[in-house]
Amino acid sequence: MSENIEVNFRLNGENVTIRTKANRRLLDVLRDDFHLTGTKEGCSIGECGACTVIVDRKAVTSCLMLIGSCEGRDVITIEGVSSPDRLNPVQRAILEHQAIQCGFCTPGFVMSATALLMENPNPTYEEIKVALSGNLCRCTGYKQIIDAIYDAAQQANRADPAEWDRNIIPDSGGRPLPWQPLNKPEVCELSGGNENEEQS
Amino acid sequence: MRNFTFIKAQDLEEVSQLLFAHHEHSCILAGGTDLLVQLHEKSKRWAELDVVIDLHPFQAELSQIEDIGSALRIGTLCTHTEIERSFLVNRYLPLLSKACSVVGSPQIRNMGTVGGAVCNASPASDPLPPLIAAGAELAIHGCGYRRKALLSDFYDDMGMPKLEPGEFVTAFEVRKLQPSERSSFVKLGRRKALAISRLTVAVILDFQKDGTIREAAVVPGCVGRRVKRYRQAELMLCGQRPSEALIASAAAQVTEQMLAENGRRWSSAYKEPALTALVERALNSASYGAEDRL
């Protein structure tokens, strides 16, 4: 008996095999071996939801899953729900609703929301709240995020998929952006350190 | 995290043999939501862990919810989500489905199993009070034999599960509630979602045709080392018609027994009024279908 194991599973639609130590978590393997660093490590005890991935169509926290229990399962990470030039509807809606500040929790929210929409394409506001109750966000507040996901579901149900995938403005799904894009980037200049030193 | 060997057994008999052979140095992996946290926090409980035995190869066999006549047979690997959404559990054991719907977060409910919740033996486990109120039986697999045990006798005085070397739980058999029975489950956590329970109460009331209570089961969770039925309060309810005064005095009786058995602790100032209110809510909910008084 050895402490190494071989695990075969599906990762973002591809069959993969990995030989690794048995005491590693799915989260470690995703980040360190596959370099899929969109999945974040927050609390490591399943409270914050930053490491949420979809396993067999259900949202789970990858920090509570040993790599050995992934044998034969279908794992989808944030990298598997979109590509850099085409965001998925949930991601677009989160951008449009400005439901991001630092962004650390966002991949987890997107995965929880995607799992919900896979199962229930027309969720109520309450159902979205329950589905996101395992994800913590410490900057934005939850209203924008829930609004965004509700909106994404409504849009997906209303519009012809060909319409919202026109790719005119990739990030908004062809709908007008709710804010004016800035022509010039605003530059913030930090003042010298003297003032701060005096204060402290 | 500690190094260990990860074993997938061929059949249930091999699981028992491995558990027997490695006894103190082995553990079973079901959902992993408790085990991984304990391993991450380097819990002393697993200081000598060498072998982790995965139950997932038997997922198909151990995650069934079946109707077996007067009872439901719930596989040990059923996740909380599966129980919460099961048509059979919703229909025949609504309080269990309610309890499973308030465990942790959606992610935890998708992984965590009912077998794990019972065998980890936390008094704060949510499915435990409903299972004890309904008099659940456990199906236990040992080396070359199978046996059954009552869940209410499953824990020793320290609150640890009574399992011999090589034994593990494969299923729960829980009687179906009758049409004359009403049940409820209420939980108090620090916040609405994802909180470990501070207090829970499961109640089953069996009504006679004239509106009096024939039989009652009142099981508070998170009080004391063992989760059990509070018989004195139950006897107060039997033969009576539910009323505001009866519910208040039964709730007071539960709190009195809790204090008598566990003594006054630092948390008593909080738990005393909270438990009384929670038992009242649970009894109101089972009697009138609403937590607040009509």
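The shown structure was predicted, so the numbers you read here are calculated from the model rather than taken from an experiment.

> Lay out the overall build of chain A in plain terms, naming residues and giving numbers.
For chain A, the count of helices and strands is seven helices and five strands. Counted from the first residue to the last, chain A has its helices and strands arranged as β-β-α-β-β-β-α-α-α-α-α-α. Looking at chain A residue by residue over its 200 residues, the buried ones come to 44%. The long-range share in chain A, meaning contacts at least 24 apart out of those at least 6 apart in sequence, stands at 56%. Carbon together with sulfur atoms contributes 50% to the accessible area of chain A, which is approximately 10,600 Å² in total.

> Describe the environment of Thr37 of chain A, listing the residues and the values that go with them.
Residues and elements named next belong to chain A. The residue Thr37 is located in the loop between helix H1 (26-33) and strand S3 (52-55) in this model. When the C-alpha atoms of Thr37 and Cys51 are compared, they prove to be 9.9 Å apart, with 14 residues separating the residues in sequence. Excluding its chain neighbours within four sequence positions, the residues that come into contact with Thr37 are Arg31 and Glu79.

> Hey, could you go over the sheet that holds strand S1 (residues 4-11) of chain A for me, with residue numbers and the actual values?
Residues and elements named next belong to chain A. The strand order across the open sheet built from five strands is S2-S1-S5-S3-S4, with neighbouring strands paired in mixed fashion. Only two strands of the sheet have a single partner each, and these edge strands are strand S2 (14-21) and strand S4 (58-61). Taken pair by pair, the neighbouring strands of this sheet meet at an average axis angle of 40 degrees, ignoring direction. Pairing of S3 with S4, which is carried by four bridges, proceeds in the antiparallel orientation. If you follow Val55 over to S4, its bridge partner there is Lys58.

> Give me the lowdown on the interface of chain A and chain B, citing residues and values where you can.
Each partner contributes to the interface: chain A provides 34 residues, whereas chain B provides 32 residues. Interface of chain A and chain B: buried area, both sides summed, is about 2,600 Å²; carbon and sulfur atoms make up 62% of it. Linking chain A to chain B there are one salt bridge. Note that Arg85 of chain B is salt-bridged to Glu119 of chain A, the shortest N-O span being 2.2 Å. For the interface between chain A and chain B, the tally reads eleven residue pairs in polar contact (both at pLDDT 80 or more). Listing elements by their share of the side of chain A that touches chain B, those giving two or more residues are S4, helix H3 (106-119) and helix H4 (125-131) of chain A. Considering every element that reaches the side of chain A that touches chain B, the biggest residue donor is S4 of chain A, with four residues. Counted by class, the side of chain A that touches chain B contains 13 nonpolar, 13 polar and eight charged residues.

> Would you mind going over the sheet that holds strand S1 (residues 5-8) of chain B in detail, with residue names and values included?
Residue and element names in this part refer to chain B. Ordered by their spatial adjacency, three strands build an open sheet running S1-S3-S2, and the pairing between neighbours is parallel. Only two strands of the sheet have a single partner each, and these edge strands are S1 and strand S2 (26-29). Geometrically, the sheet is characterised by an average inter-axis angle of 25 degrees between neighbouring strands, direction not taken into account. Taken together, the four bridges between S1 and strand S3 (residues 51-54) define a ladder with parallel strand orientation. By the bridge assignment for S3, Ile7 is matched with Ile53.

> How would you sum up helix H11 (residues 244-262) of chain B? Please name residues and give values.
Residues and elements named next belong to chain B. Counted at 1.5 Å a residue, the expected span for H11 with its 19 residues is 27 Å, and the 27 Å between its end C-alpha atoms agrees. All of the buried residues in H11 are Leu246, Ile247, Ala250, Ala251, Gln253, Val254, Thr255, Gln257, Met258 and Leu259. Residues of H11 that are buried in the fold lie against strand S11 (213-221), helix H10 (231-237) and helix H12 (268-288). Positioned one or two residues after H11, Gly263 has a phi angle of 75 degrees, which is positive.

> For the pattern of salt bridges, give the residues involved together with the corresponding values.
Residues and elements named next belong to chain A. Under the counting rule described, the total for this entry stands at 26 salt bridges over all chains. The closest approach of N and O atoms between Arg25 and Glu41, which form a salt bridge, is 3.1 Å. Of this pair, Arg25 sits in the loop between S2 and H1 while Glu41 sits in the loop between H1 and S3, and the two are 16 residues apart along the sequence. According to the relative accessible area criterion, Arg25 is buried, its value standing at 7%.

> Any chance you could break down the packing of aromatic side chains for me, citing the residues and the numbers?
Residues and elements named next belong to chain B. Inspection of the entire model under this criterion finds four aromatic pairs over all chains. Seen in terms of ring centroids, Phe154 and Tyr155 are 5.2 Å apart; in terms of plane orientation they differ by 65 degrees. Their pairing is edge-to-face. Residue Phe154 is classed as buried on the basis of its relative accessible area, which comes to 2%. Looking at Lys176, its charged tip hangs above the ring of Tyr92, at a distance of 4.3 Å from the centre. Geometry around Tyr230 places Lys228 over its ring, the cationic atom sitting 5.8 Å from the centre.

> How would you sum up the side chain of Asn110 of chain B? Please name residues and give values.
Among the structural elements, Asn110 of chain B can be located in helix H7 (residues 106-111). When near neighbours in sequence (up to four residues on either side) are disregarded, Asn110 of chain B contacts Lys58, Ala59 and Val60 of chain A together with Thr79 and Thr81 of chain B.

> How would you explain the nonpolar core if you had to name every residue and give the values?
Among the nonpolar cores identified, the biggest contains 37 residues, and Ile74, Leu93, Leu131, Leu151 and Phe172 of chain B are the most heavily contacted of them. Viewed by domain, this core spans two of them, domain 2 (59-175) and domain 3 (181-288) of chain B, each represented by three or more residues. Residues in contact with Phe172 of chain B, not counting those within four places in the same chain, are Leu72, Arg73, Ile74, Thr76, Val114, Gly115, Val118, Leu131, Glu137 and Leu138 of chain B. Of all hydrophobic cores here, the second largest spans 36 residues; its members include Val29, Val60 and Cys70 of chain A together with Val52 of chain B.

Conventions adopted
Residues numbered from 1 in each chain as written. Chains lettered and ligands numbered in written order. Predicted model: local features only at pLDDT ≥ 70, side-chain atom pairs only at ≥ 80, totals over all residues. Heavy atoms only, no water. Helix = DSSP H or I, 4+ residues; strand = E, 2+ residues; numbered from the N terminus. Buried < 20%, exposed > 50% of the residue type's maximum accessible area, 1.4 Å probe, protein only. Contact = heavy atoms within 4.5 Å. Areas by Shrake-Rupley, 256 points an atom, 1.4 Å probe, with all protein chains shown as cover. Pairing = 2+ DSSP bridges. Axes fitted to C-alpha atoms, helices over the stretch in contact; angles between N-to-C directions. Buried area = accessible area lost by both parts, 1.4 Å probe. Salt bridge = Lys/Arg side-chain N within 4 Å of Asp/Glu carboxyl O. Polar contact = N/O pair within 3.5 Å; in protein donor to acceptor, adjacent residues only side chain to side chain. Nonpolar A, V, L, I, M, F, W, Y, C, P; charged D, E, K, R; others polar. Expected span 1.5 Å × (residues − 1). Phe/Tyr/Trp six-rings, centres within 6.5 Å; stacked < 30°, edge-to-face > 60°. Lys NZ or Arg CZ within 6 Å of the ring centre and 35° of its normal. Core = buried A, V, L, I, M, F, W, Y, C linked by side-chain atoms within 4.5 Å. Domains from an automatic or database assignment.

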